[in-house]
Each structure stands twice: as structure tokens, then as C-alpha cells.
Amino acid sequence: MTRSRVGRVGAAAGERAGQPAGRRAREEVREAVLESAWAELVATARRTVADGLVVGTSGNVSVRVGDTVLVTPSGVPYDRLTPDDATGVDLDGRQVLGTLVPTSELPMHLAVYRADPDARAVVHTHAVHATAVSLLVPELPPVHYMAAALGGPVRVAPYAAYGSDELARAMLDALADRTGCLLRNHGTITYGTSLDQAYDRTAQLEWMCRLWLTASSVPGRSPSLLTPDQLAEATERLRGYGQRG
């Protein structure tokens with residue numbers, strides 16, 4: 001198996017610069033980390049399609065490795081992405097890896113990473129039920145305790161043109177003290193400390209939106225909603241959820 005473009009370019013640069021052995025070793029480790037992160041990013045992007053959260057090349061995924069943000073390229077079907085297609089930028093948006101143009105939604109991704117140093121992955125989708133909810137209310141009603149996993153009731157950011165700085169600013173306002181929000185007439189965005197966590201939050205958000213739409217569609221009935229105290233209790237319980245090593 002040939003080395004990916006990430007490895008080949010990095011190795012060639014090291015040889016040309018005559019780097020000491022220790023520095024070359026560190027570069028090789030970084031290249032291996034980037035290759036692994038790119039493979040995980042591509043797998044997550046393909047999962048958004050398989051799970052019906054995006055159609056075609058809509059939506060995008062990114063992961064932060066140090067000061068490099070790997071991101072899906074613009075307009076390329078995820079099933080066609082290869083290791084040689086790795087695309088990365090620095091936190092100022094300057095392309096530092098690959099030749100494909102990064103996603104048009106790069107401003108949103110970078111805004112998240114700049115705002116929260118703990119953010120390591122961002123998932124943006126055009127999920128049907130979540131987008132439908134964004135057309136109807138300014139905030140997803142708290143119909144389930146999993147809202148606590150996103151920091152509380154999920155807000156809807158006002159509409160702005162895709163790829164714009166205005167949209168990134170609106171998103172950040174909606175994300176205050178949250179790890180996910182809806183984008184009016186557009187979709188969803190969530191983030192986490194890993195791609196798995198960011199994706200799980202996206203899936204949970206879409207499920208809660210579907211739940212609310214289903215319950216609220218029953219004639220003559222209104223869904224019961226959780227109180228702030230009930231959400232606070234759920235938040236505390238979720239802190240200890242899962243396996244602990």
C-alpha cells in the first residue's frame with residue numbers, strides 16, 4: 001500500500017529541509033495522526049448519508065488535530081474521497097493541506113473551534129425533521145431529557161446565507177452554553193470532543209425533532225414538556241453516564 005499524500009508530502013519536505021532525525025520522527029507521528037483522523041472524518045461523512053441526515057454533498061464534517069482543521073471538501077461525493085483527498089486549513093482558514101477547495105461552510109466550523117478550545121469535531125447536516133422544526137419555532141421544546149446532553153433546550157439560529165460570516169455569528173449566539181443548535185431554513189450543527197460525540201449529538205437532535213413533530217401533530221393534544229428542574233436533574237445524571245475506566 002502506498003503512503004497517502006499527507007505522508008508523502010510531509011516526508012519530502014523533511015528530506016529537503018535536512019531535518020534532524022528527532023524532528024523527522026515527530027513529523028511522521030503527526031502525519032500518521034492526520035491520516036487516521038482523515039479516515040475517521042470520511043467514515044463519519046459517509047455515515048451522515050447512510051443514516052439519511054444529508055442528501056448528496058449537502059452537510060459537512062470537520063475534525064481538529066492540533067492547529068490543523070481537516071474538513072470535507074466542497075462538492076465532492078463522500079464515497080469518492082480517498083486518502084489523497086485530505087483537505088486541511090489552519091484556524092485562520094488558510095489551506096495547509098491538499099488541493100481540493102474546503103467546504104463552503106468553513107466559517108461555521110472555524111467559529112466553533114475558535115470559540116471553544118475543547119471542540120475537536122463539528123458535524124453539520126440538512127436533516128429533514130430538524131430542518132422542519134427550524135421553520136416552526138425559535139427553540140425546540142424540551143420534549144426529552146436528551147436535550148440536556150446538548151446543554152439545554154436547543155435554539156434556532158436566524159436565517160443567513162450559507163457560507164457567510166453572518167451565519168457563523170448567528171450560529172455562535174445560538175450555541176451559547178450549548179453544543180448544538182438548529183439553523184433556520186437550513187439544518188443542524190453540533191460539536192464535541194470527538195467525531196463520535198459530535199455525530200451522536202447530531203443523531204439525537206434529529207430524533208428529538210422527529211419526536212416533537214410526531215407528538216405535536218396529534219389533533220387536540222399538546223406534548224408535555226420537561227421543566228427546567230427536570231432538565232437540570234437529567235444534566236447531573238448524564239455526567240456519570242456510560243463506562244468509566
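Residues numbered from 1 in each chain as written. Predicted model: local features only at pLDDT ≥ 70, side-chain atom pairs only at ≥ 80, totals over all residues. Heavy atoms only, no water.

1. A closer look at the overall build of the chain
When helices and strands are tallied, the chain shows seven helices and eight strands. Relative to its 245 residues, the chain shows a buried fraction of 45%. Intrachain contacts of the chain at a sequence separation of at least 6 include 65% that bridge at least 24 residues. Approximately 12,800 Å² of the chain is accessible, and the part contributed by carbon and sulfur atoms is 52%. (Helix = DSSP H or I, 4+ residues; strand = E, 2+ residues; numbered from the N terminus. Buried < 20%, exposed > 50% of the residue type's maximum accessible area, 1.4 Å probe, protein only. Contact = heavy atoms within 4.5 Å. Areas by Shrake-Rupley, 256 points an atom, 1.4 Å probe, with all protein chains shown as cover.)

2. Quick notes on the environment of V154
Of note, V154 is situated in the loop between α4 (128–134) and β6 (156–157). Since its relative accessible area comes to 1%, V154 is described here as buried. The spacing of V154 and T179 is 25 residues in sequence and 9.0 Å in space, taken between C-alpha atoms. Sequence-distant contacts of V154, that is, excluding residues within four places in its chain, are made with E139, L140, G180, C181, L182 and L205.

3. Comments concerning the environment of V143
Looking at the secondary structure, you find V143 in the loop between α4 and β6. Separated by 69 residues in sequence, V143 and W212 have C-alpha atoms that sit 6.5 Å apart. The contact partners of V143, leaving out residues within four places of it in the chain, are M208, L211, W212, P223, S224 and L225.

4. What about the pairing of strand β8 (residues 187–192)?
Of all the six residues making up β8, six are buried; the element is thus mostly covered by neighbouring parts of the structure. Side chains of β8 alternate between two faces, with G187, I189 and Y191 and T188, T190 and G192 buried alike. Where strand β5 (residues 121–125) lies against β8, five bridges are found, and the strand directions are antiparallel. Counterpart to H124 in the pairing with β8 is I189. Pairing of strand β7 (residues 180–183) with β8 involves four bridges; the strand directions are antiparallel. Its bridge partner being in β8, L182 is matched across the sheet by T188. Linking two consecutive strands that pair antiparallel, namely β7 and β8, is a turn of three residues; a positive phi of about 55° is found at N185 within it. (Pairing = 2+ DSSP bridges.)

5. Concerning the pattern of salt bridges
On inspection of all chains with the given rule, the structure shows six salt bridges. In this structure, the salt-bridge partner of R64 is D67, at a minimum N-O distance of 3.4 Å. One salt bridge connects D92 with R94, and the closest N-O pair in it is separated by 3.3 Å. Overall, the relative accessible area of 54% leaves D92 in the exposed class. The exposure class of R94 is exposed, given its relative accessible area of 52%. Residues participating in the shared-partner salt-bridge network are D90, D92 and R94. (Salt bridge = Lys/Arg side-chain N within 4 Å of Asp/Glu carboxyl O.)

6. Describing the pairing of β7
Here β7 shows two buried faces, one formed by G180 and L182 and the other by C181 and L183. Examined bridge by bridge, β6 and β7 share two bridges and lie parallel to one another. Opposite A157, over in β7, you have L183 as the bridge partner. Crossover handedness for the path β6 to helix α5 (residues 165–174) to β7: right-handed. (Right-handed = clockwise from strand over helix to strand, strands pointing away.)

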